[in-house]
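If you want the building blocks of each chain, they are given just below.
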Amino acid sequence: VNGTMTQTIDTPSNVFATGNPLYRGANNNLFSNGNLTFTGSGESFPINIATFQPSAGKWYWETKPTNIANAPLIGMAWNGYTSGGTGRIIYYPDGTIVTPDGNSTSASAGFSVNDIIGCALDLDSATTTLKFYTNGTLVYTYNNVTTGLEYSTRGEGMIFWQLYTNDVVSANFGNGYFGTTAVASANADDNGIGAFEYTPPTGFLAICTKNINEQEYS
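The structure presented is a predicted model; accordingly, all values stated were derived computationally and were not measured. (Residues numbered from 1 in each chain as written. Predicted model: local features only at pLDDT ≥ 70, side-chain atom pairs only at ≥ 80, totals over all residues. Heavy atoms only, no water.)

To continue, consider the overall build of the chain. For the chain, the helix and strand inventory stands at three helices and 17 strands. Against the globule reference of 17 Å for 218 residues, the chain gives a C-alpha radius of gyration of 16 Å, in line with a compact fold. Overall, the chain is about 50 × 40 × 30 Å in size when its C-alpha atoms are taken along their principal axes. The burial tally for the chain puts 50% of its 218 residues in the buried class. Partitioning the contacts of the chain with sequence separation of at least 6, the portion at a separation of at least 24 is 60%. (Helix = DSSP H or I, 4+ residues; strand = E, 2+ residues; numbered from the N terminus. Rg over C-alpha atoms; globule rule 2.2 N^0.38 Å. Buried < 20%, exposed > 50% of the residue type's maximum accessible area, 1.4 Å probe, protein only. Contact = heavy atoms within 4.5 Å.)

For the rest of this paragraph, the subject is the pairing of strand β4 (residues 46–49). The two faces of the sheet receive side chains in turn, since in a regular strand these alternate between them. The alternating pattern of β4 places P46 and N48 and I47 and I49 on opposite faces, both of which are buried. The pairing of strand β1 (residues 27–28) with β4 spans two bridges and is parallel. Residue pairing in the sheet places N28 in a bridge with I47 of β4. Two elements, β4 and strand β13 (residues 158–162), share three bridges in a ladder whose sense is antiparallel. The residue of β13 that forms the bridge with N48 is W161. (Pairing = 2+ DSSP bridges.)

This part covers the pairing of strand β5 (residues 58–67). Among the 10 residues that make up β5, seven are buried, leaving the element largely enclosed by the rest of the structure. Pairing analysis gives six bridges linking β5 to strand β10 (residues 117–122), with the strands arranged antiparallel. Of the residues in β10, the one forming a bridge with T63 is I117. With two bridges joining them, β5 and strand β17 (residues 205–206) adopt parallel strand pairing.

All told, the structure shown has one salt bridge when counted by the stated rule. A salt bridge links R154 to E150; its shortest N-O distance comes to 2.6 Å. (Salt bridge = Lys/Arg side-chain N within 4 Å of Asp/Glu carboxyl O.)

Residue placement: T63 occurs in strand β5. At a separation of 3.1 Å, a polar atom in the side chain of T63 contacts the side chain of W161. Apart from the residues lying within four places of it in its own chain, the contact partners of T63 are I74, D115, I116, I117, W161, V169, S170, A171 and F178. (Polar contact = N/O pair within 3.5 Å; in protein donor to acceptor, adjacent residues only side chain to side chain.)

What follows concerns the nonpolar core. Ranked by internal contacts, the top residues of the largest apolar core, which has 46 residues, are W61, L130, F132, W161 and F173. In contact with F173, not counting residues within four places along its chain, are F16, A17, T18, L36, A50, W61, I159, W161, F196, A206 and I207. Membership of the second largest hydrophobic core comes to nine residues, among which are F16, Y60, A120 and F196. (Core = buried A, V, L, I, M, F, W, Y, C linked by side-chain atoms within 4.5 Å.)

Although it is not a glycine, N33 sits at a positive phi angle of roughly 50°. Mapped onto the secondary structure, N33 falls in the loop between β2 (30–32) and β3 (37–39). Classification of N33 as partly exposed rests on a relative accessible area of 36%.

Considering every residue of the chain, the mean pLDDT works out to 92; 93% of them sit at 70 or more. Within the model, the stretch residues 1–7 combines pLDDT values under 50 with three contacts to residues more than four positions away or in other chains. (pLDDT = per-residue confidence, 0-100.)

The next subject is the packing of aromatic side chains. Evaluated as defined, the whole model comprises seven aromatic pairs. Ring centres 5.5 Å apart and planes at 90° place the aromatic pair Y81 and F160 in the edge-to-face group. Of this pair, Y81 sits in the loop between β6 (73–77) and β7 (88–91) while F160 sits in strand β13; the two residues are 79 residues apart in sequence, bridging distant segments of the chain. Here Y81 matches F160 in class, with each residue buried. Here R154 stacks its cationic end above the ring of W78, 3.7 Å away from the centre of that ring. (Phe/Tyr/Trp six-rings, centres within 6.5 Å; stacked < 30°, edge-to-face > 60°. Lys NZ or Arg CZ within 6 Å of the ring centre and 35° of its normal.)

This is the structure in structure tokens:
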């Protein structure tokens, strides 16, 4: 057989999240590399979400942009988001943060090609939070995620990317690869699960079936 093979740590007993090609929103990004690489399609609102959308717990995932032609947007959106200025917590390459009310603020730093953007979602604390990290350094914290994304009326929020023409990013939910590129440093979560470029914050877990089942049935 010609070509190369990429082995991940997904198993039938523990499946990690990927991008969800069945959810289009208004338009869709293009998928490759086992639904872990996303390319902007050039449509008006090209978005995609993750296959798993936790409603409780503490979760960590990473995104690596490999081409920034326009402005890849990384973050979360409220359930059912399709388009428009409101309903998203998003991080721009220039460091702009847009909150669910459509207002803009600034992170302490932006990101560039091949940087690693970590997201840590805390749905268990009194003040639910989404934290953005660039190359392991915390750059912004958004408080009251469940309020901002209207969990009480819309259901759980959606892990979310919005890309434009020739923007390319890959996600790592803990299976150890950004597309076909393995992480350089295999850092597991507190349960000893996953392989991330940077160590997840204490208490935050890889988004996979084993961790989700533990959260739901513990």
